[in-house]
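Chain by chain, the residues run as shown.
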Amino acid sequence: MSIELKNVTKKFGEVTAVNDVSFSVNEGELMALLGPSGGGKTTVLRMIAGLEMPTTGDVFIRGQRVNDLSVQERNIGFVFQNYALFKNMNAFKNIAFGLKIKKWKRPDVEARVMELLKLFDLEGLEKRYPHQLSGGQRQRVAIARALAPKPGVLLLDEPFGAVDAKIRQELREWLVTLHHELNVTTIFVTHDQEEAMEVSNRTVIFSRGNLEQIGTPREVYEQPANEFVARFIGVMIVLELHVSKGVARLNELEFPSHGLPDGERLRIGFRPYSVQISSDVKAYRYRAILRHTYFLGVMLRVELELPSGLLIRARMTKEEYAFQGLADGKDVSFQIRQYRVLAREGEKLAPEVAVTHDVPLTLGEGI
Amino acid sequence: MAEKKFNALPGFGLTMGFTIFYLSAIALIPIAGLFLKTLEISLTDFWRLATTDRALAAYELTFGASLVAALANALFGTVLAWVLVRYEFPGKRFIDALVDFPFALPTAVAGLTLANLFADNGWLGQWLVPLGIKGAFTPLGVIIALTFVGMPFAVRTLQPVLENLEREVEEAAATLGASRVRTFFSIIAPTLLPTIITGFALAFARAVGEYGSIVFISGNQPFKTEIAPYLIVMRLDEYDYTGAVALAVVLMVISFAMLYVINWLETWSSRFQN
């Protein structure tokens, strides 16, 4: 086990930034700390680095309790969001800085820096100062600088935040490749769930200082631990149902009451892909009109209007759409193949979902 | 035919024209006048007037004391700016306001006050003089007065740059194992150096031209505590205009040469910036 946090809490004055968080990272793992801004993920990263001290709780690196170790002694590599390169040093000297501190011999320093320049595709740029480098190059210099002294752990704070979308995609793939080659335990912070899912082996999800779930991308997507995770990872359509006569309903839609008595409310969620649509109006249980089709690339988004005026925005592939012979204005039938019970009335709800919807209601993305 | 370059900012012709006119009226024409005045005398006469023993002693004091004062300001002004930007303490705003004081105070008042303080029976003088530190009517007094008037330049130029230092850069150095001292000397100091040199240049330029405060504290003894600007005023009092102009031209040429060198140093030390 490479890194372990045990009941770590961090308070800044009255504000609790991190609340009783425990998790561990395995040797060689590529871990994402994911959550909305202000969720406490950067604070967790900084506590592992030693840039912040936990108010209570312990941090372990390779079995050693490091609470009392200074930043300098922890042997970590840290990449800052804005890279924090040394402006007065060229790329070579930036990367060599940590090695000189560790009193490496000069030929060794040169060999190591050259090796990293090559690995990071920065050859020929070693004499450039930070302001003479592009955003992507600066970031690679920052990562090379952090990795140069062979740290036990590499920590990255929002590594892809400051570059444009196309470069971001390249950098993601590049980080995965790099991690594969070096196999150094890596933790990165991101607020982008897609990024966390694509890059990491496992993801830790934070919200408001609390650890909501930890798991592989597949686990957090398919088995979200709670409503927050369900809604944060991927798109989830949420329905609030009223139980009457043993059935949970919203307009025409009916679901099992899951044992709740009449008069109570039940909240369920489903992915937009779980809506099955057929041009055969008798194929499925519910009737609707296909109001509008949005082209998203491989996927299409279709807007279904139920007789009661309820709108549902589902997703399907182009092939499925063509196979079914769908078109705007067509009568269709649909069913919801899979859904999850998110919360029962009286249970703690994430504040952002604690709103009741009135009919007619639009469901799905963009509501 | 050269293509007209597009510039997003309008009014280059107008502003540049105004700049040249303004600089000419304020600086170039008076300076040119000064040089023209020297044409009234022969080169040998000029040389004789500009390099009397008394004049040489005055140049030495003016430039020597100005350099020492500007160095002191560069060093202690940096410490002062550092403390004002980096730390919170009671009375910070008051001290911050105090820094501008030498800007506002009439220099003659400053000179009189300092002379009184450092006189044999003054508040400070009564303790310092028995220790052999004579502040009034000595070259040391000249240095003290010049340091006083130059101090705000060093502090005020550095403050904004210090405020803009990224905290993360220091943290990055720490994660790489660098101690606070190492971080300061390897990263912070080189980043600040160009600005410190700018502050030094400003304080130096101010000191070379200083007159008001010096005449009171130095005593103006020829060959000992007489500064070049004072000697010029003396010549003017004697209606010896050519003598005054000769001194002024020398003062100006040396000042310009030194400022040019300092400017080059500044560019060199900021080679890593845009």
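Residues numbered from 1 in each chain as written. Chains lettered and ligands numbered in written order. Predicted model: local features only at pLDDT ≥ 70, side-chain atom pairs only at ≥ 80, totals over all residues. Heavy atoms only, no water.

(A) Expanded view of the packing of aromatic side chains. Tallying each qualifying case throughout the model produces 14 aromatic pairs over all chains. Feature note: the residues Trp82, Phe184 and Phe185 of chain B constitute an aromatic cluster, connected by ring pairs. The lysine or arginine in question, Arg271 of chain A, covers the ring of Tyr221 of chain A, its NZ or CZ lying 4.1 Å from the ring centre. Above the face of the Tyr294 of chain A ring, Arg301 of chain A is positioned so that its terminal group lies 4.8 Å from the ring centre. (Phe/Tyr/Trp six-rings, centres within 6.5 Å; stacked < 30°, edge-to-face > 60°. Lys NZ or Arg CZ within 6 Å of the ring centre and 35° of its normal.)

(B) Fine view of a nonpolar patch on the surface. On the surface, Phe18, Phe21, Tyr22 and Ile26 of chain B cluster together to form a nonpolar patch covering roughly 490 Å² of accessible area. Relative to the elements of secondary structure, Phe18 of chain B occurs in helix α1 (residues 12-38). (Patch = residues over 30% accessible without salt bridge, like charges linked within 9 Å, V, L, I, M, F, W, Y side chains within 5 Å. Areas by Shrake-Rupley, 256 points an atom, 1.4 Å probe, with all protein chains shown as cover. Salt bridge = Lys/Arg side-chain N within 4 Å of Asp/Glu carboxyl O. Helix = DSSP H or I, 4+ residues; strand = E, 2+ residues; numbered from the N terminus.)

(C) Layout of the pattern of salt bridges. Residue and element names in this part refer to chain A. Applying the stated criterion across every chain, the model contains 27 salt bridges over all chains. For Asp68, the salt bridge is made with Arg65, and the minimal N-O distance between the two is 3.2 Å. Relative accessible area serves as the criterion here: at 40%, Arg65 is assigned to the partly exposed category. Overlapping salt bridges, with partners in common, bring together Arg172, Asp192, Glu195 and Glu198 in one network. (Buried < 20%, exposed > 50% of the residue type's maximum accessible area, 1.4 Å probe, protein only.)

(D) How the structure looks around the environment of Arg291 of chain A. For Arg291 of chain A, the position within the fold is in strand β16 (residues 286-295). A polar contact of 2.5 Å, which involves the side chain of Arg291 of chain A, links it to the side chain of Glu305 of chain A. (Polar contact = N/O pair within 3.5 Å; in protein donor to acceptor, adjacent residues only side chain to side chain.)

(E) Local environment of helix α9 (residues 167-175) of chain B. Among the 9 residues that make up α9 of chain B, 7 are buried, leaving the element largely enclosed by the rest of the structure. Among all positions in α9 of chain B, only Val169, Glu170, Glu171, Ala172, Ala173, Ala174 and Thr175 of chain B are buried. Contacts made by the buried residues of α9 of chain B are with α1 (41-49), β6 (76-79), α2 (91-101) and α4 (135-147) of chain A together with α3 (53-86) and α10 (180-209) of chain B. In the segment just after α9 of chain B, Gly177 of chain B is the residue with positive phi, at about 100 degrees. (Contact = heavy atoms within 4.5 Å.)

(F) Representation of the sheet that holds strand β4 (residues 56-61) of chain A in the model. All names here are of chain A. Read across the sheet, 4 strands follow the order β2-β1-β4-β5 without closing on themselves; strand pairing throughout is antiparallel. Two strands bound the open sheet, and with one partner strand each, they are β2 (15-25) and β5 (64-65). Its contacts with the sheet put α1 on β1 (3-12), β2 and β4, and the angle it makes with β1 is roughly 115 degrees. (Pairing = 2+ DSSP bridges. Axes fitted to C-alpha atoms, helices over the stretch in contact; angles between N-to-C directions.)

(G) Representation of the confidence of the model for chain B within the structure. Confidence in the prediction for chain B averages 89 pLDDT; 97% of positions are at 70 or higher. Across the interface, the model reports ipTM at 0.77; the global pTM reads 0.77. (pLDDT = per-residue confidence, 0-100.)

(H) Focus on unusual backbone geometry. Residues and elements named next belong to chain A. Even without being glycine, Ala84 reaches a positive phi, approximately 50 degrees. Tracing the backbone shows Ala84 in the loop between β6 and α2. One non-glycine residue, Glu158, adopts positive backbone phi at about 40 degrees. The class for Glu158 is buried, based on a relative accessible area of 8%.

(I) Representation of the nonpolar core within the structure. Residue and element names in this part refer to chain A. By size, the foremost hydrophobic cluster in this structure holds 43 residues, and its most contacted members are Ile95, Val113, Phe120, Ile143 and Leu154. Counting only elements with at least two residues in this core, the list comes to β3 (30-34), α2, α3 (106-119), α4, β7 (153-157), α5 (165-182), α6 (193-199) and α8 (227-232). Of the residues forming this core, the biggest block, 6 residues, is contributed by α4. (Core = buried A, V, L, I, M, F, W, Y, C linked by side-chain atoms within 4.5 Å.)

(J) Seen up close, the confidence of the model for chain A. Chain-level pLDDT for chain A is 85 on average; 93% of the residues reach the 70-or-more range. At the level of individual helices and strands, chain A shows its lowest average pLDDT in strand β21 (residues 362-363) of chain A, which scores 44, and its highest in α2 of chain A, which scores 95.

(K) Representation of the interface of chain A and chain B within the structure. Listed per partner, the contact involves 24 residues of chain A and 21 residues of chain B. Both sides together, the interface formed by chain A and chain B hides about 2100 Å², and carbon and sulfur atoms give 61% of it. In this assembly, chain A and chain B are joined by 2 salt bridges. Where Lys87 of chain A meets Glu166 of chain B, a salt bridge forms, and the shortest distance between an N and an O atom there is 3.2 Å. Scanning the region where chain A abuts chain B turns up 5 residue pairs in polar contact (both at pLDDT 80 or more). Elements that contribute at least two residues to the side of chain A that touches chain B include exactly β6, α2 and α4 of chain A. Top contributing element to the side of chain A that touches chain B by residue count: α2 of chain A, with 4 residues. Each residue belonging to the side of chain A that touches chain B can be placed in one class, and the counts come to 14 nonpolar, 5 polar and 5 charged. (Buried area = accessible area lost by both parts, 1.4 Å probe. Nonpolar A, V, L, I, M, F, W, Y, C, P; charged D, E, K, R; others polar.)

(L) Structural view of the sheet that holds β3 of chain A. Residue and element names in this part refer to chain A. Read from one edge to the other, the open sheet built from 6 strands follows the order β6-β7-β8-β3-β9-β10, with strand pairing classed as mixed. The open sheet terminates on both sides in strands that have one partner only, identified here as β6 and β10 (210-215). Taken pair by pair, the neighbouring strands of this sheet meet at an average axis angle of 15 degrees, ignoring direction. Pairing of β7 with strand β8 (residues 185-190), which is carried by 5 bridges, proceeds in the parallel orientation. Across the sheet, Asp157 pairs through a bridge with Val189, a residue of β8.

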